[in-house]
Amino acid sequence: MPGALKLSQEMAWPYRQEDWEFALMVGNGLVLERAGQVIGTAMSWNYGQSYASVGMIIVTGSAQGGGNGARLFDGLLEATHGRNLLLNSTEEGLALYKRRGFTAWGTVLQHQGSLAVAVTRSTRDDIRQATASDLAAIQAFDERATGMPRLPMVAALADVGNALVIERRGRIAGYAVARRFGRGYVVGPCAAESDHDARLLILAQLSKLHNQFVRIDVYAEDGLGDWLASLGLQRSGSATAMVKGQRPGAEGPAHMYALANQSFT
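Just so it is clear, the structure is predicted and the values come from calculations on it, not from any experiment.

### Overview of the pairing of strand S9 (residues 184-192)
Of all 9 residues making up S9, 8 are buried, and the element is well covered by its neighbours. Pairing between strand S8 (residues 171-181) and S9: 7 bridges, direction antiparallel. Bridge pairing in S9 places Ala176 opposite Cys190. Count of turn residues in the S8/S9 antiparallel hairpin: 2 residues, of which Gly182 carries a positive phi of about 60°. With 2 bridges connecting them, S9 and strand S10 (residues 213-219) associate as parallel partners. Bridged to Tyr185 within S10 is Val214. For the crossover from S9 across helix H7 (residues 195-206) to S10, the handedness is right-handed.

So, in structure tokens, the structure goes:
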């Protein structure tokens, strides 16, 4: 963990050691060492028997350009052999991932900033705090929204964060988690059955985070970027969403709007 943290700091990624520890708790990692020093990392998170996401792929600057990144990534591909793989790529990683059979399918927009605007949540009765008894329904909704069984991941996120749900006619129709991450807080995942409900859930989370640093990663195709910017969370970057193999499909109207982070998808 100390070596991994040093690498992410070198890349100006805002991970805390607690963020690395959480990622390892719910996933699997590889490191590349040289003379006893960690010079590269790569991680994966398995979702059922068919899918995995990969990320936190870093090689120290002094070891770049010598095939180390490809070596590390090939080790990750071997470790996840047989699964359909998802990742969100920086501009620098696109060429390597394309050579390894990944294709682009969308764009993730990173919005962040100090939440100076006091956000008021909706007073709707159907948004409420999640309870332990809601976990199975939240996990089932997440699976419909992502097309992947992410039960351990969702349970871990709900455990460390603050989870809200939308309940309609006795059933969970959406959820959102806010948790400590990086420079402040991240809002995500957020899954719902409509753009309107996703905004309600995000507003409910933001209403608790006035004057905090907040990050939200959303899919460009959903059109939430301008709305987030209007709340003071400006776009600070983007990533290319890629898949190797079959991309999972959502079931019914359930849809994932905001990511837990770009590595977990």
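### Points about the packing of aromatic side chains
Evaluated as defined, the whole model comprises 9 aromatic pairs. Ring geometry for Tyr15 versus Trp20: centroids 5.8 Å apart, planes at 80°, classification edge-to-face. Both residues of the pair, Tyr15 and Trp20, count as buried. Pairing Phe73 with Tyr97 gives two aromatic rings, centres 4.9 Å apart and planes at 50°, and the pair type is tilted. Remark: Tyr97 occurs in helix H4 (residues 94-99) and Phe73 occurs in helix H3 (residues 68-79); sequence separation between them is 24 residues. Owing to a relative accessible area of 0%, Phe73 belongs among the buried residues under this scheme.

Conventions used here
Residues numbered from 1 in each chain as written. Predicted model: local features only at pLDDT ≥ 70, side-chain atom pairs only at ≥ 80, totals over all residues. Heavy atoms only, no water. Buried < 20%, exposed > 50% of the residue type's maximum accessible area, 1.4 Å probe, protein only. Helix = DSSP H or I, 4+ residues; strand = E, 2+ residues; numbered from the N terminus. Pairing = 2+ DSSP bridges. Right-handed = clockwise from strand over helix to strand, strands pointing away. Phe/Tyr/Trp six-rings, centres within 6.5 Å; stacked < 30°, edge-to-face > 60°.

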